[in-house]
Structures are given as C-alpha cells and as structure tokens.
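Now for the letters of each chain:
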There are 2 protein chains.
Amino acid sequence: MLGNFVYSNPTRLYFGDNAQQHLADALRPFGRKVLLTYGSGSIKRNGVYADVTAALAAAGKEVVELPGVMPNPTVDKLCEGAEAARRHNVDFILAVGGGSTIDYAKAVSVAAWHKGDAWEDFWIAQRDPQPGARILPVGAVLTMAGTGSEMNGGAVITHSGRRLKIGKVFGENVMPRFAVLNPRYTFSLPCRQMVSGIFDTMSHIMEQYFSGSDDNTSDYLAEGLMRSVIAASRVAIQDPKDYEARSNIMWTATWALNTLIGKGKSQDWNVHMIGQAIGAHTDAPHGLTLSGISTAYYRHVLPHATDKFARFARVVWDIPAEGKTAGQLAEEGIDALAAWISEIGAATEIASLGVTPSMLDDIARSTLIMPGGYKRIDHEEVIAILRESL
Amino acid sequence: MLGNFVYSNPTRLYFGDNAQQHLADALRPFGRKVLLTYGSGSIKRNGVYADVTAALAAAGKEVVELPGVMPNPTVDKLCEGAEAARRHNVDFILAVGGGSTIDYAKAVSVAAWHKGDAWEDFWIAQRDPQPGARILPVGAVLTMAGTGSEMNGGAVITHSGRRLKIGKVFGENVMPRFAVLNPRYTFSLPCRQMVSGIFDTMSHIMEQYFSGSDDNTSDYLAEGLMRSVIAASRVAIQDPKDYEARSNIMWTATWALNTLIGKGKSQDWNVHMIGQAIGAHTDAPHGLTLSGISTAYYRHVLPHATDKFARFARVVWDIPAEGKTAGQLAEEGIDALAAWISEIGAATEIASLGVTPSMLDDIARSTLIMPGGYKRIDHEEVIAILRESL
C-alpha cells in the first residue's frame, strides 16, 4: 500500500531541443558568482560549453571554472571543489554533464560551508546537513541521461583509497533548482555511455519495483516507464540520433529516480550496492556494472517473489501467461531481461569490466548490503551472485 | 514526440492516513488570517472539520469561514468569496473538500484583488493574471479524489444564468502551495460521488492519451495510471473502506491531472467540454456526465486513430490481440471501457442524469469545442454524440 509520505519536488525542468534558451533566465535569480563545473571537456567539442557560457554572459555572471570531474567523482575532487567554492565565495554552482558531474555539484554544495569532514559526516555516517546550514544552490545542464541526478537529492562519491563508492540522498534543499534537458545534448555521447545510462535507468525502476506485495500505483507507473525505456532503447541503439527515442530515454530517466515511483515502496537497492562496489574496484561505467550482475541477482531473488516476477514478464515484456506456471513465467521475464541486455549491448558479464575471480571477496566486502527487498542477502550470497556474473 | 516544455510543480503533498498531522506546520509560513472554505458541511459530520480547525488553532491562525461552495461553483459564489477575501484582508485560503471547493479557492485567489471582472477576463477571455498581480496563496485538504485540483492550476466555474461551465488553467502561481491527502477522508463520501471521481480520473487520463501518433513516455505513464485506477476501482466498489484501493485511487487522481502525462501531447478535452455543458444544464455529478458520453464519443473518434485504440485495448484492458484486426481490437477496447462503466455503476446514459432530447441543441451550443485530438468535431457531431448517449 502507498503508506505515509511527503512528496515535494522543487526542480524546474526545461525540456526540449531549445531548452538552453531558458538558461540565462533560470540563472538570473541566484547571485553574481557562478562555479561552473564539468568533466573532461567534451562539452567544448560538441557546442554545449559555448551555449552555456553564452547564457552565463547574458545573465551577467562572473564565472569560476572547475573542470575535470571524473566519472566516479572522488573525495579528493570534492575537497578541491569545496575549497574553490569557499575561496571564490560563489553564489551558485552550475553543473554541465551527466550524473557524475551533477552528483558532484550537489556534494560540493553541502561540503563548501560544512564545518567538519563532509565525507565522514554525510557519506560514511549518512547524516543530513544541520538545519540552517549553508547549502549552495545548484543548477544542471544535462548531457547524459540515466542517473536522474537532475531532479533528485542524490550524490554518489568514491573514496579510491578505501575502495568505497557511496551514495547519499539529501533532501529537497539539495535538489537542483532547475535543470536544462536538451536531448540533442546527448547525441555526441559514445554508444557505450548511452547504453550505460539506459541500463542505469532500467535498474532504478526495477530496484524500486521489486519490493512489496501490494497493488501499488507506484508499480503501475514503474511498468509504464520500463515499457517506455525498453521501446525507446531499441530505436536508439539502431539510430542514436533519433530525437524521439533519445527524448523519451531522457524523460524516462528523470522520472525513474525523482522519488515518484518509490512512494510506498521499501527498497534495498542491492543491485546498485553491488554495482557501486564493482565501480570502486574497476572504475567501469556505472550502468554496465548493474547490467553485469542484474540477471544473476534477480534469479537469486526470484523464488522469494515469484508472482511479482511473473507480473514483470507479463506486463513489461508482453510474455503470454497462458498455460504457464507463475514460476515459468517469472523465469521467462528474467530471460527477456537478459536478452534485452545483450540486444542493447550492455555488459552481460562482469569479467568484461575487468573483474577477476580474485577480486570477488574484496568487492563483496565493499558492498553495503541493505534490507528492504524480497530477500535479505549476506556476504556469501553477494560472492555467489558475483561469481555467477563473471 | 515529447516536444518542448517546462515542467514545474511546486505543490507539496502530504499523503497518508496521518497526513493532517502536517497541516499546522504547512499553514505556519502564510500569515495570520485564513479564509476557510468548504461545501455543504459534511466535513462537520465526518471529523475533518475538527481536524482542520485544530490545526488552524495550533498554527495560531485567525479564521474567516466561507461555507456553502456548491458542486458546480457559480460566478455569484465566486464574487461573494472574492469580496470576503478583500474585506477581511486574508493572507491565505484553505479549501477543505473536493475539486469544486479547491477550484473555487483558486478562483477566489485570483479574483480577490483583480481589477476588473474576473469571470469575463479569466474564464470567458481566458486571460492570465497580469504579472505582479496579487494572488492569494491557497492550500487544500482533499475529501474527494478525482479532479486533480489539489496539484494543478485549473479552476472550473459555472455561470448558471448563461448555462456556461468553463475551466481555466492558471500557472504555477495559482497551484496550491500544499495539499493534505488522507485517503480516509474520502471514506464517508457517497458511493455515487466516489464513482464520479473515479471516472473523472479515468477521463483525465484518456483525454490526454488519445492524441498524437508518437511513442511518447507520457502515453506509457498514462497506461500505468489507467491500469492502476481500474484495478483499484474494482476493489473499492466492493469495499469502499479498503484503504489500499482508496489510497491508490487518490494518488492516481492527483497524477492524472498535474501536467505530467500531458507533456508532449496535444489535447482537445472534448469529453470534458461536452460533459461540462451537460453539467451546466443539469447540475449532474461531473464524472457521470463524462461516463455518460465517453463510449459514444470514442466510437465516433475511433476510425481516425484505430491503432491507438487497439493499443488501448491490448495494454490497458489486457485484451489478446492474436487473430484480430486493429479495428476489431480497437472496438473491443471500447467495449471493455463500456463494461467497466457499468461495472462500477457510473452513468451509461445521459438520460439518467436528466438530459432530454429537447436539451441536446442547447447543450451542444454550450459546448466549447476544441481542436487538438484525432478528429475535429463540429456542432452537428456533438448533437449526434449526445443523441447516441441518451
């Protein structure tokens, strides 16, 4: 059942192939000095940087640049950003990039004026910012669909030395104030990155869907989003420049992880927990770490929620139910998921991401196992799932 | 395709069987004087009024009461409310009721300090409030699920003398600042009202779904919401006190009309346009005016969008497609809709709502026919649809 919750999402979304036209107006209310953060500089080659700096200039902003955000943003990089935000006393942080860059901007927004060790307090101890603490407002220009970071309070940070990659979900005061979502901004992304984002989206939906036994509106919305991203992925994989497909993927990714479809659902997020541990050990693309383990993980969980997996087969994959047991249908649903992972070219095994048998125990140790799903797993089960996924 | 749009919805929702516990805190930021508006006084019998006045007292508010909002709020009542809001110089309007009461509160919020005739300017001429115009903030405590008014900027007002019932969709500055959604608050509603709200919800979804030819994420979300409200309605009709079913109905109704599933869709809203004209002539429950004409309307439109109606049959009603033409499947989808209208006890014909053959021409004249759907209809077609629905 839906249960008790508060829903509030203040992020304003500008969507479409001219969405950047809103950027200057969106920036105006937020003070004069902007910390502009981005990744490896690909935005300078595809025209996005030019659009953004033009809007910053039109809005009369003074810009401090902070490039070099890596795919799995590190604690060291977080400290650098927080220090820069303080030193320049910026009023606003504008993130231009995918989920890593936006996650990073949110992390800097809480770390900049935090008294104490942000990594220890927010990520290790999972505390919230103190009421009244200064949090810098953040805006986002999205260049890769997948993480949903543009409309939520999440921020995943990696401690390379300790091989830990940990997500923290902040409240609405950390959510981006606005996000510019232009599907064309994702066209120049390498195919492997597009596919990583597509599977990340699918995983977000599945990890909220596969919990609970109730006939919850959230599950029906989740089924709609899964059907949408599957259909769009099949077009985009053939023609990455198909605007319609890329726009549906972008919009689905946003709604897959902006809290809506999680309402009334307990969630364990163990595919993300294991995937993040793989990421901390290999630096592999996030979505591919998830596709690499998903089928093994869900086959492991299946006996504890056969009916839900049967529904998944029937509603999401259109598999006829007639003459089949729930168990058979459930298995066919995971078969369909596995076939789709191959079809779109996502990782079907984690060996392809650089995982070796000798790493499995360490990866399992870095996995922050969570309760809340159909099956509470332990360290040995994580190793078994990883071995199955090799 | 999704196209270009801005999505922003500032309404904060408190959902659940203890949602009213948030009311005092939600009210606090909005000044001292509150205009409390509600309908016929049923809230005094079911305990909702006691909960609300306790929260108002806890928040230290001075309350001006404005009861007597009718099911189809009239222009005269709007003037009374606007005058009261001005005279008492209230800071905030709290609506306790269903869509009519919340629509009414929003109408008063723009009319109170509007220089000019609010009905002529906003509803007849469909203008927006001038930038900088004073608009009173509104909050809502929902007691009937259906209209979605709790999370949108819409307000339908009726001019009884002119037999006109017209909706105006305002921007986010008119959307409720918060809404309290407690499914138990809907338990004492008469079954006919519950069913009216259920069909209103279904109609909101269908009227956004049945447009365009693209493979749009909005359509997939719409299908999920339709499946959810159909499943929940079948439980609620047997046991109106089933909390899970009523909570899913309430949540679905909110998301059916808060702009999300309309993104990227042209929409004609002609079922609402005809239904509202019936309402202006009969004062019949809104949702029943829609159920009374929907099957005739959709059979009329079907030949212009056979594939979409076939998809509706397959995905929403789980009708097997094998061995059928798209046309057959499409017809079976509308048959399933008709059967469900009977099953839940919604109106299957408008004669039961007091419509007589001699009224059809007048009703059609009061219908504000809109473009944007699969078939642009004219006055004669409206009469034909009405006659078919008698």
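Residues numbered from 1 in each chain as written. Chains lettered and ligands numbered in written order. Predicted model: local features only at pLDDT ≥ 70, side-chain atom pairs only at ≥ 80, totals over all residues. Heavy atoms only, no water.

## What to know about the overall build of chain A
And then number 1: Per the secondary structure count, chain A includes 15 helices and 9 strands.
And then number 2: Taking 21 Å as the expected radius of gyration for a compact globule of 390 residues, we find that chain A reaches 20 Å, a close match to that expectation.
And then number 3: In terms of overall dimensions, chain A has C-alpha extents of about 65 × 40 × 40 Å along its principal axes.
And then number 4: When the 390 residues of chain A are sorted by exposure, 61% land in the buried category.
And then number 5: In chain A, once contacts between residues fewer than 6 apart in sequence are set aside, the share between residues at least 24 apart is 80%.
And then number 6: Split by element, the accessible area of chain A, about 13,700 Å² in all, is 50% carbon and sulfur.
And then number 7: Computed over 36 positive and 41 negative side-chain charges, the separation of the two mean positions in chain A equals 7 Å. (Helix = DSSP H or I, 4+ residues; strand = E, 2+ residues; numbered from the N terminus. Rg over C-alpha atoms; globule rule 2.2 N^0.38 Å. Buried < 20%, exposed > 50% of the residue type's maximum accessible area, 1.4 Å probe, protein only. Contact = heavy atoms within 4.5 Å. Areas by Shrake-Rupley, 256 points an atom, 1.4 Å probe, with all protein chains shown as cover. Lys, Arg positive; Asp, Glu negative; His and termini not counted. Charge placed at Lys NZ, Arg CZ, Asp CG, Glu CD.)

## Considerations on the interface of chain A and chain B
And then number 1: In this complex, chain A contributes 43 residues to the contact, which on the side of chain B involves 43 residues.
And then number 2: In total, about 3,700 Å² of surface goes out of reach between chain A and chain B, with carbon and sulfur atoms giving 57% of it.
And then number 3: Counting the surface chain A buries against chain B, the share from its top three residues, Tyr-7, Tyr-220 and Trp-251 of chain A, is 16%.
And then number 4: Residue assignment for the side of chain A that touches chain B shows that the elements contributing at least two residues are β1 (5-7), β2 (12-15), α8 (217-238), α9 (243-256) and α12 (306-316) of chain A.
And then number 5: Of the residues contributing to the side of chain A that touches chain B, the split by class is 18 nonpolar, 15 polar and 10 charged. (Buried area = accessible area lost by both parts, 1.4 Å probe. Nonpolar A, V, L, I, M, F, W, Y, C, P; charged D, E, K, R; others polar.)

## Points about the side chain of Asp-268 of chain A
All names here are of chain A.
And then number 1: Of note, Asp-268 is situated in the loop between α9 and α10 (270-282).
And then number 2: Despite its burial, Asp-268 pairs with no opposite charge; the closest candidate is Arg-376, at 8.9 Å N-O.
And then number 3: A distance of 3.3 Å separates a polar atom in the side chain of Asp-268 from a polar atom in the side chain of Tyr-297.
And then number 4: The contact partners of Asp-268, leaving out residues within four places of it in the chain, are Met-273, Tyr-297, Met-370, Pro-371, Gly-372, Gly-373 and Lys-375. (Salt bridge = Lys/Arg side-chain N within 4 Å of Asp/Glu carboxyl O. Polar contact = N/O pair within 3.5 Å; in protein donor to acceptor, adjacent residues only side chain to side chain.)

## Digging into the sheet that holds strand β6 (residues 138-142) of chain A
Strand pairing in a sheet relies on backbone hydrogen bonds. The paired strands run either parallel or antiparallel.
And then number 1: The sheet built from 7 strands is open, its strands ordered β4(A)-β3(A)-β5(A)-β6(A)-β9(A)-β2(A)-β1(B) with mixed pairing. For this open sheet the edge positions go to β4 (62-66) of chain A together with β1 (5-7) of chain B, each flanked by a neighbour on one side alone. Each adjacent strand pair in this sheet contributes to an overall mean axis angle of 20°, direction not counted.
And then number 2: Bridging between strand β5 (residues 92-97) of chain A and β6 of chain A involves 5 bridges; their strand directions are parallel. Residue pairing in the sheet places Leu-94 of chain A in a bridge with Gly-139 of chain A of β6 of chain A.
And then number 3: On top of the sheet, helix α3 (residues 48-58) of chain A reaches β3 (33-38), β4, β5 and β6 of chain A; it is set at about 175° to β3 of chain A, its chief contact. (Pairing = 2+ DSSP bridges. Axes fitted to C-alpha atoms, helices over the stretch in contact; angles between N-to-C directions.)

## What to know about the sheet that holds β1 of chain A
And then number 1: With respect to topology, 7 strands assemble into an open sheet ordered β1(A)-β2(B)-β9(B)-β6(B)-β5(B)-β3(B)-β4(B), the strand pairing being mixed. Looking along the sheet, the strands with just one partner apiece sit at the ends: β1 of chain A together with β4 (62-66) of chain B. Across this sheet, the average inter-strand angle for adjacent strands is 20°, counted without regard to direction.
And then number 2: Where helix α9 (residues 243-256) of chain B meets the sheet, its contacts fall on β1 of chain A together with β2 (12-15), β6 (138-142) and β9 (178-181) of chain B, and the angle it forms with β2 of chain B comes to roughly 170°.

## Some remarks on unusual backbone geometry
And then number 1: Of note, the phi angle at Asn-89 of chain A is positive, near 50°, even though the residue is not glycine.
And then number 2: Following the sequence through the fold, Asn-89 of chain A ends up in the loop between α4 (75-87) and β5.
And then number 3: Looking at Asn-89 of chain A, the relative accessible area reads 41%, which means it is partly exposed.
And then number 4: With a phi angle near 60°, Asp-283 of chain B is a residue other than glycine that sits in the positive phi range.
And then number 5: Locating Asp-283 of chain B in the fold gives a position in the loop between α10 (270-282) and α11 (286-301).

## Things to note about the side chain of Thr-217 of chain B
And then number 1: Here Thr-217 of chain B shows up in helix α8 (residues 217-238).
And then number 2: The residues contacting Thr-217 of chain B, other than those within four sequence positions of it, are Leu-225, Ser-228, Asn-248, Trp-251 and Thr-252 of chain A together with Leu-2 of chain B.

## Comments concerning the pairing of β9 of chain B
Residues and elements named next belong to chain B.
And then number 1: Residues Phe-178 and Val-180 point to one face of β9 and Ala-179 and Leu-181 to the other, with burial holding for every one of them.
And then number 2: Sheet topology note: the β2/β9 ladder contains 4 bridges and is parallel. Counterpart to Leu-13 in the pairing with β9 is Ala-179.
And then number 3: Alignment of β6 against β9, held across 4 bridges, turns out to be parallel. Among the inter-strand pairings, Val-141 is bridged to a residue of β9, identified as Val-180.

## A closer look at the relation of the copies chain A and chain B
And then number 1: Rotating chain A by 180° about the axis while translating it 0.0 Å along that axis superimposes it on chain B, leaving an RMSD of 0.0 Å. Both chain copies can therefore be described as sitting about a two-fold axis.
And then number 2: The residues that chain A uses at the interface reappear at the interface of chain B in 100% of cases, marking a shared surface. (Least-squares fit on C-alpha atoms with pLDDT ≥ 70 in both.)

## Considering the packing of aromatic side chains
And then number 1: The full count for this structure, using the stated rule, is 49 aromatic pairs over all chains.
And then number 2: Seen in terms of ring centroids, Trp-251 of chain A and Tyr-7 of chain B are 6.3 Å apart; in terms of plane orientation they differ by 70°. Their pairing is edge-to-face. Note that Trp-251 of chain A is positioned in helix α9 and Tyr-7 of chain B in strand β1, a pairing that runs across two chains.
And then number 3: With 6.1 Å between their ring centres and 85° between their planes, Phe-312 of chain A and Trp-317 of chain A make a pair best called edge-to-face. Side by side, Phe-312 of chain A and Trp-317 of chain A carry an identical accessibility label, which is buried.
And then number 4: Members of the aromatic cluster, each reached through a chain of ring pairs, are Phe-5, Tyr-7, Phe-15, Trp-251 and Trp-255 of chain A together with Phe-5, Tyr-7, Phe-15, Trp-251 and Trp-255 of chain B.
And then number 5: Over the ring of Tyr-209 of chain A we find Lys-308 of chain A, and its NZ or CZ is 4.4 Å from the ring centre. (Phe/Tyr/Trp six-rings, centres within 6.5 Å; stacked < 30°, edge-to-face > 60°. Lys NZ or Arg CZ within 6 Å of the ring centre and 35° of its normal.)

## Topic: the pattern of salt bridges
Residue and element names in this part refer to chain A.
And then number 1: Counted under the stated rule, the structure contains 42 salt bridges over all chains.
And then number 2: Across the pair Asp-219 and Lys-265 runs a salt bridge whose closest N-O atoms are separated by 2.7 Å. Pair noted here: Asp-219 is in helix α8 and Lys-265 is in the loop between α9 and α10, with a separation of 46 residues, a long-range link. For the pair Asp-219 and Lys-265, one class covers both residues: buried.
And then number 3: Here the salt bridges share partners, and the residues they tie into one network are Arg-32, Lys-33 and Glu-62.

## Focus on α8 of chain B
Residue and element names in this part refer to chain B.
And then number 1: For α8, with 22 residues, the first-to-last C-alpha span of 33 Å sits near the 32 Å given by 1.5 Å per residue.
And then number 2: Of all 22 residues making up α8, 18 are buried, and the element is well covered by its neighbours.
And then number 3: Measuring from the side-chain oxygen of the N-cap residue of α8 to the backbone nitrogen of Ser-218 gives 2.7 Å; that N-cap residue is Asn-216. (Expected span 1.5 Å × (residues − 1).)

## Focus: the confidence of the model for chain A
And then number 1: Scored by pLDDT, chain A has a mean of 96; 100% of the residues are at 70 or more.
And then number 2: At the level of chain-chain contacts, confidence expressed as ipTM amounts to 0.96, with global pTM at 0.96. (pLDDT = per-residue confidence, 0-100.)

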